[in-house]
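Residue strings, one per chain:
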Amino acid sequence: MAAISALALLSACASVAPASGSSAGFKPAAQDDKSGITVLVDPTREAAVQAYQKAHPNVKVKVTTFNGTLQTKMSLYDKAGSGWPDVVFSASSSDPTWASKSSGSGAQPYAAPLNQNLIPQSTLDGWADGSLAPCQFGGNLYCLRNDIAQTVTWYNKTLFDQWGYTVPKTWDDFQALGLKVAKEHPGYLLGEFGDAWGPEIFFQASKCPVQGTTDKADTIKVNLQAPECTRMAKVIDTLLDAGVLGKQSYFEKGLDGSKVLMSVGPSWFGQYLFNATYKVPAGQIGVADQPQWDASAPANGNVGGGVWMVSSHSKNLKAATDLATWVTSDTGFQKTAPTYPANKAAAAAWLTNPANVSYFATPVKAPFQTAAGQVWKGWANTTFGDSAAFQKVVLPGITGGKSLTSLLPAWQTEIVNSAKAAGYKVVQ
Amino acid sequence: MTTAQTLRPAQRERSNKAGYLFVAGYTVLLIAFGVLPTTYALALAFTNDQWQFTGFGQFIVAVTDYRFLQSMANMGAFLVIWLTATVVFAVGLALVLRNFVRGRASVFWRFIFYLPGALAGVASTLVWMFMLSPQASPIAPLLHAIGWTDFGQVVQPQNLPGIFAVMAFWVGVGGWIIIMYGAVNNISDDVMEAARLDGASSWQLAWYVQIPMIRQWVVYMLILAFAGGTQLYVEPQLLFVASKQVDPTWSPNQLAVQFAFGATSNPNVAAALSVVLLVVGLMFAVVLVKRSGMFNVEAED
Amino acid sequence: MTVTRNPVRATESTGTTPQVRQATPTRGRRPRANGWARPVLVWLILLAFGFFFVLPIVWLILAPTKTSTELANSFPFAVGSLGEVGQAWQHLVAFQNGIILRWFGNSALYSFGGLALALVTSIPAGYGLSRIRFRGRKLLLTITLIVMIMPAATLVIPMFLELNAVKLIGTPLALILPFAYFPFGVYLTYVYFSTSLQSSMLEAARIDGASEFQIFFRIAVPLARPVIAMVTFFSFVGNWQNFFLPSLVMPSDDQQPIQVGLSQLMSSSPAFNPGGTANLGIDAPELTLAILLSVIPVLVLFLFAQRSLVSGMFSGGTKG
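Conventions we followed
- Each chain carries its own residue numbering, running from 1 in the written order of its sequence.
- For this description, chains carry letters from A and ligands carry numbers from 1, given in the order in which they are written.
- Residue-level local features of this predicted model are given only where pLDDT is at least 70; pairs of side-chain atoms are given and counted only at 80 or more, and the full residue set underlies all totals for whole chains, interfaces and linings.
- To obtain the side-chain values, all non-hydrogen atoms of the structure were included, while hydrogens and water were left out.
- Strands here are runs of E lasting at least two residues and helices are runs of H or I lasting at least four, both read from the DSSP assignment and numbered beginning at the N terminus.
- Only protein chains enter the area calculation, which uses a 1.4 Å probe; residues under 20% of their type maximum are buried, those over 50% are exposed, and those in between are partly exposed.
- What makes two residues a contact is simply this: any of their non-hydrogen atoms within 4.5 Å.
- Surface accessibility follows the Shrake-Rupley procedure with a 1.4 Å probe radius. Residue values consider only the protein chains on display as shielding.
- Salt-bridge detection follows one rule: a side-chain nitrogen of Lys or Arg within 4 Å of a carboxyl oxygen of Asp or Glu.
- Once two parts are joined, some of their accessible surface, as seen by a 1.4 Å probe, is lost; buried area is that loss totalled over both.
- Cysteine sulfur pairs qualify as disulfides if the two atoms are within 2.5 Å.
- Fitted lines through C-alpha atoms serve as axes, helices being fitted only where they are in contact, and the angles separating the N-to-C directions of these axes extend from 0 to 180 degrees.
- For any helix crossing, the convention is left-handed if the near helix is rotated counterclockwise from the far helix by under a right angle, and right-handed if that rotation is clockwise.
- Under this grouping Gly is polar, as are all residues other than the nonpolar Ala, Val, Leu, Ile, Met, Phe, Trp, Tyr, Cys and Pro and the charged Asp, Glu, Lys and Arg.
- Paired strands, as defined in this entry, are two strands with at least two bridges between them according to DSSP.
- Only centres within 6.5 Å qualify two rings of Phe, Tyr or Trp (six-membered ring in Trp) as a pair; their planes then separate them into stacked at under 30 degrees, edge-to-face at over 60, and tilted for everything else.
- Here, a charge over a ring means that NZ of Lys or CZ of Arg falls within 6 Å of the ring centre while also lying within 35 degrees of the ring normal.

Some details on the overall build of chain C
- Helix and strand content of chain C: 16 helices and zero strands.
- Across the 320 residues of chain C, 56% fall into the buried class.
- Of the contacts made within chain C by residues no fewer than 6 positions apart, 72% connect residues no fewer than 24 positions apart.
- Summing over all exposed atoms, chain C offers an accessible surface of approximately 13,200 Å²; the carbon and sulfur share of this is 66%.

Some details on the pattern of salt bridges
- Scanning the model with the defined rule gives 11 salt bridges over all chains in all.
- A salt bridge links Asp256 of chain A to Lys259 of chain A, with the nearest nitrogen and oxygen atoms 3.6 Å apart.
- Under the relative-accessibility criterion, Asp256 of chain A is labelled partly exposed at 41%.
- A salt bridge links Glu212 of chain C to Arg206 of chain C, with the nearest nitrogen and oxygen atoms 2.6 Å apart.
- The exposure class assigned to Glu212 of chain C is buried, which follows from its relative accessible area of 2%.

Thoughts on the interface of chain A and chain C
- On the chain C side, the residues contacting the 20 residues of chain A number 24 residues.
- Carbon and sulfur atoms supply 52% of the area buried between chain A and chain C, which totals about 1,700 Å² over both sides.
- The interface formed by chain A and chain C contains one salt bridge.
- Asp254 of chain C is paired through a salt bridge with Lys62 of chain A; the nearest N and O atoms lie 3.1 Å apart.

Quick notes on the state of the cysteines
All names here are of chain A.
- Tallying each qualifying case throughout the model produces two disulfides over all chains.
- Note that Cys135 is cross-linked by a disulfide to Cys143, the S-S spacing being 1.8 Å. For the disulfide bridge between Cys135 and Cys143, the dihedral angle about the S-S bond is near -85°, and by the sign convention the bridge is left-handed. The pair formed by Cys135 and Cys143 is uniform in burial state, with each residue classed as buried.

Some points on the packing of helix α3 (residues 68-100) of chain B against helix α11 (residues 215-229) of chain B
All names here are of chain B.
- Viewed as axis vectors pointing N to C, α3 and α11 meet at an angle of 145°, and their least axial separation amounts to 10 Å. Classified by chirality, the crossing of α11 by α3 is right-handed. Where α3 approaches α11, its residues Phe78, Leu79, Trp82, Leu83, Thr86, Val87, Ala90 and Val91 are matched on the opposing element by Val218, Met221, Leu222, Ala225, Phe226 and Gly229.
- Within the contact of α3 with α11, the residues separate by chemical class into 12 nonpolar, two polar and no charged.

Notes on the pairing of strand β3 (residues 87-90) of chain A
Residue and element names in this part refer to chain A.
- Where burial is concerned, the two faces of β3 agree: the one with Val87 and Phe89 and the one with Val88 and Ser90 are both buried.
- As paired strands, strand β1 (residues 37-41) and β3 are joined by two bridges and run parallel to one another. Residue pairing in the sheet places Val39 in a bridge with Val87 of β3.
- In this structure, β3 lies alongside strand β12 (residues 307-310), joined through four bridges in antiparallel fashion. Looking across to β12, one finds that Val87 is bridged to Val310.

Section: the interface of chain C and chain B
- Taken together, the contact between chain C and chain B spans 117 residues of the former and 113 residues of the latter.
- Around 10,800 Å² of area is buried between chain C and chain B when both sides are counted, 72% of it from carbon and sulfur atoms.
- On the chain C side of the contact with chain B, Phe53, Ile149 and Phe272 of chain C bury the most area, a combined 7% of that side's loss.
- Inspection of the chain C/chain B interface yields zero salt bridges.

Some details on the pairing of strand β11 (residues 285-288) of chain A
All names here are of chain A.
- Across the two faces of β11 the burial is the same, with Ile285 and Val287 and Gly286 and Ala288 all buried.
- As paired elements, strand β7 (residues 151-156) and β11 share four bridges and run antiparallel to each other. Looking across to β11, one finds that Asn156 is bridged to Ile285.

Thoughts on the environment of Ile236 of chain A
Residue and element names in this part refer to chain A.
- Within the fold, Ile236 resides in helix α9 (residues 227-242).
- Placed 161 residues apart in sequence, Ile236 and Ser75 show a C-alpha to C-alpha distance of 37 Å.
- Among residues more than four places away in sequence, those in contact with Ile236 are Phe193, Phe202, Phe203, Leu245 and Leu404.

Thoughts on the sheet that holds strand β10 (residues 262-266) of chain A
Residue and element names in this part refer to chain A.
- A sheet is described by the order of its strands in space; here three strands give the open sequence β10-β7-β11, paired in antiparallel fashion. Where the open sheet ends on each side, the last strands, each with one partner, are β10 and β11. Across the sheet, the mean angle from the axis of one strand to that of its neighbour is 30°, orientation sign disregarded.
- Here β7 runs beside β10; their pairing, made up of five bridges, is antiparallel. Bridging across to β10, Thr153 finds its partner in Val264.
- Its contacts with the sheet place helix α10 (residues 269-277) against β7, β10 and β11, and it is angled at close to 135° to β10.

Observations regarding the packing of aromatic side chains
- If you walk through the whole model with that rule in mind, you get 71 aromatic pairs over all chains.
- Where Trp154 of chain A meets Phe360 of chain A, the ring centres are 5.3 Å apart and the plane angle is 40°; that geometry is what we call tilted. With Trp154 of chain A in strand β7 and Phe360 of chain A in the loop between α14 (354-359) and α15 (365-372), this residue pair connects regions lying 206 residues apart in the sequence.
- Classification of Trp154 of chain A by relative accessible area gives buried; the value is 0%.
- For Phe360 of chain A, a relative accessible area of 5% translates into the label buried.
- A ring pair is formed by Trp128 of chain B and Trp170 of chain B, whose centres lie 5.8 Å apart and whose planes are at 80°; its orientation type is edge-to-face. One end of the pair, Trp128 of chain B, is in helix α5 (residues 122-131); the other, Trp170 of chain B, is in helix α8 (residues 160-185), and 42 residues separate them in sequence. Of the two residues, Trp128 of chain B and Trp170 of chain B, both sit in the buried class.
- A network of ring pairs unites the aromatic residues Phe89, Phe108, Trp109, Phe113, Trp128, Phe169 and Trp170 of chain B together with Trp43, Phe49, Phe52 and Phe53 of chain C as a single cluster.
- Lying across the ring of Phe137 of chain A, Lys101 of chain A places its NZ or CZ 5.8 Å from the centre.

Shown next as C-alpha cells:
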C-alpha cells in the first residue's frame, strides 16, 4: 500500500504525455526540379507508377513496393529525419488522418497540403463530391483520392437467372436468399466474411457506430449494442451458421471463385476480384444496388479507396505532385484501372471503356453512381486503423467458431481501448 | 630468482598499461552499445519528452496499457512450454547420445540436431509458416486431421504459444544438445565406473549421477534461454504480417515497438517497457545464480 | 559461468592432450545385457527427432524446383525440375529491379564488417582479460558476464534512439558497429586463453624482455586458431541472422539486409498474404528459393565448422 502511494507521489512529478506536437506549418525543403523521385506503393499500384514512367520518360522515378504498416514506417523516417519517399500510396483512406499531423517531437507532418500552391483548385474540383473528404483536415487537402470503393451488390447473373433468384433489395431478403441457397445449392456462397473490411461493408451500410463521428474531431462514438449493429450481426450470424457466408478471405489461396454466387462488396471487386482473381468469364457478373434496411434512407459502405500522398519533405514537389495527379486523373490510364476512379473525368472514361462495359452482364454506371452518393458519412476517419480491432478480436473468434453477436462486446472493448490509446475520447 | 623478484614491479606496471590497450576497442564498444543504451533507456524511462522528471509515471503508463498484461501472459506461456521442452530434450538427447551412441554416429546425430540453427530468425519462421499452412505443407494431411483447414485456424490465439515454442525449439535445441553433451562428456569416467560397479542401471546412472553433475550447465542453459526467449519478436511479427489475424502486439517487444513508433509515439514509454523486460530477465538470472552458486569468478592461476 | 567447474579446464588440468576414449569393456557391456529393446528404442528416438529437425530443410531445398501448383498438390518430397528453379530466380530478380541482389550485398557488408571489427576488438580483449593484470580487470569481466545474460532485444529501441541521436541511422555503421560489439566473443576468448596457454611460457617471454604485444602476436595468436574460428562462426552467423535491429535502423529498402528483405518478399506474395497481388510474380517457389539462398552462407559455414563445433571445444575435446 505504502509502495503504491509512494509510486503515485513520485509519478506526480511531471506529465507523462508527450507534448502534443503542434501541426508544424508546411515548410517545403529546398527544391530541385531535376531530382528524381521515389514512390512507395502497394504491389497493385506498381503498374500505375510504371505507366507514369512510360508516359514521362524524362522523370527519374524509383518505385518501391511495401505492404506493411505505413504509419510505423513513416514514424521511423520521422525519427531518422530523412529518407521519406516523395509519393506514397495507401490503400487505407484513414492514413491521411495521421499523416496530416505531426508524429511527435516537432516533426513536420508527412503529407504536404496539396491545396497550398501545389495543385490548382480547378483541378481539385474534378473529384467526385465527398471523395476527397478523407483528405481534408484543418482546411487543407492532404491527399488525392485514387478510387471510390462504394459497396454494391455483385452477383452471378447467369446462375441467378438459371435458378430463378432475384437480387435482394433488403437485408432481410438477403438473409432469406441465403437460407434458400444453403438448402437448394449448398456449397455456393453469398460472400466471404474473413477479410478485414467486414465492418465497412456490413456495418457502415447499416449505420452502426463502430467508430461513429461526433461533432468534435477528437471524440468518436462506439456502441455495438445499438440496434443498427445488432440487426446486422444477426443476419451475418444466421448466414455464417448456414454456411452460405464463408469464413475465409475472398483471396484465400485455392478458393473456387465460381462458387461465389453473390457478394456485397466494393466497386473494385468487379475487375479485380471476379475477373483478375476468379477468372469468371465475361458476361456472367452483374451489378445492382446493395441491400438496404430502409429504402427511404439508404446507406452504403466504403471499403478503402486508396489515397496518394505527397511528402512535405520532398525536394521535387513539382514532379511528385505531377505523378500523384496523373495516376489519379489521367483518363488514358485510369480507364484501365481495376478500381472505380474518384476523379470525375477518369470515372466517366472508366464507365465507357469497352473492356469494362463488355465484361459485366449489366450496366454498371447507375449502381456505381447511386452507391457513391450514398456512402454513410457517419463513419469517422481515425488515426488508428479501422480494421485492426476487427482483425484482432473478431476474425480469430469467428474462425474459432464463435458467433459475431457474442463477439460484439469484446470487439467494442478493443475499439474503445485503441481509440483511447490513440488519444480519442469515446462516447456511447 | 632474485632477478625475477626485482623485475616484478616493473613488469606488473608494464602489464597494466598494455592491458588497457588490449581491451580498449572492446571497452569503447561495450560502453557505446552495452552501457550507454542501458543508461539511455533508464534516463528515458524516468522522464518525458521535455526531459522533465516523471518518477514512475512512464512505467505506470506502460504497465497499465491495455495490451501489456496480454503480451506478458503470451510471453509467459511461450516460455513455460519452450523452456521445459528445451531442458528436457537437450539433457535427454545429450544423455541418450552419450550413453548409447558412439564415435561417428554420435557426431552425425549432433550435427543433424544442430543443423536447423542455420535457419535461425526469418528463415525458420517462414519455413514453419509453410509447414503449418494447410495448403502448402508437407504434413497437410496431419493438419487436416487436427481440423485445421486454413491458416486462420492454425493461428488461433490459443495455439500461438505452442507454435512459437515449436519454432524456437526447432532452431535452438541443437546448440544446447551439443553443450549438454559436452557437459555430460566431462563427467569423469571413474565416477561412472563406480556407479556401474555398484549396479546402477542406465536410467539410474542418468538420473542420480549424470544429471546432478551437470546441474550448473542446466542452470546456465535456463538463464541464457530465458534471456533469449524474452526477445521474441521475429516470429509473432511475421505471423502478423502474413495472416493479419494475429495480435500485432503479441510479444512485449512488439508492444515496445508500438510504443516507440506507433500512432501515439512515445519513446519514453517504450524505454520504460524495455527496462521492465530487462529487470525481469535479470531478476530471473539473479535468482537462478544465487540458488546454484554459479558465477564464482575467480582470478586465474 | 563457473570457472571452478569449467569442462574445458577439466581436460586441460592434466596438462597433456586428453586421452582418446576407446570403447572399453565396461561401456560395451551394458546395452547387450538389456537385450534388443534398448537399442531399438534409442534408434527410434533418434530417428524421430532426426526427421523432425531435417524434414523441413529437405522440403525447403526441394521446394524451388516445383511450381506453386505442384507445391500445393504433389508429394512434398518429389523432386521438381531445375528449370523451375531458374524461373523462380528470374522472378526474384525481376522484383523491384533486382533488389534481392542488393539485399544480399548489404548482408555481406554488415556481417563481414561487423565480424572484422569484432575479431579485432574481442580477441585482444579476451587475451588481455585473461593474461594481463591491470586495474579494473575484474570489473570489466563482471560487466561482460552481466551484459551477456541481459536480453539484447530489450536494448534495441534505446540503441535505435542512440544511433539516431548521432545521425547514423541508415548508414552501414548503424549495423556494423553494434555487430562489432560481441561480449560473448570476448568471453570465449577469455576462457580459451585462460586454459590453453601455459603461464610459464608467457612469464619466460616477459623475463626475456618481450613486450605484451609481442607476446600476444608471437605466442598467443598462433595458438588461438580454434577460438578465432569459433568467434568468427558465432559472430558471422549472429550478424547474418539478425532481424530486429536492422528492421528499425535501416528504413529504406535498398539498405536492408536479406532478412528484412525476406519479410518484404513475403508480404508482397500471395503465398501468405491473401489480397496481395499475384502479378508481382512472388509466389511460394520464389519465396522458398529466396529463403534457401539466404540460408546457404550459414549452412556452408556450419558444414565447415561442423568438426570443431560439434566434436570440438564444447564437447570436451576428443572424448567420445
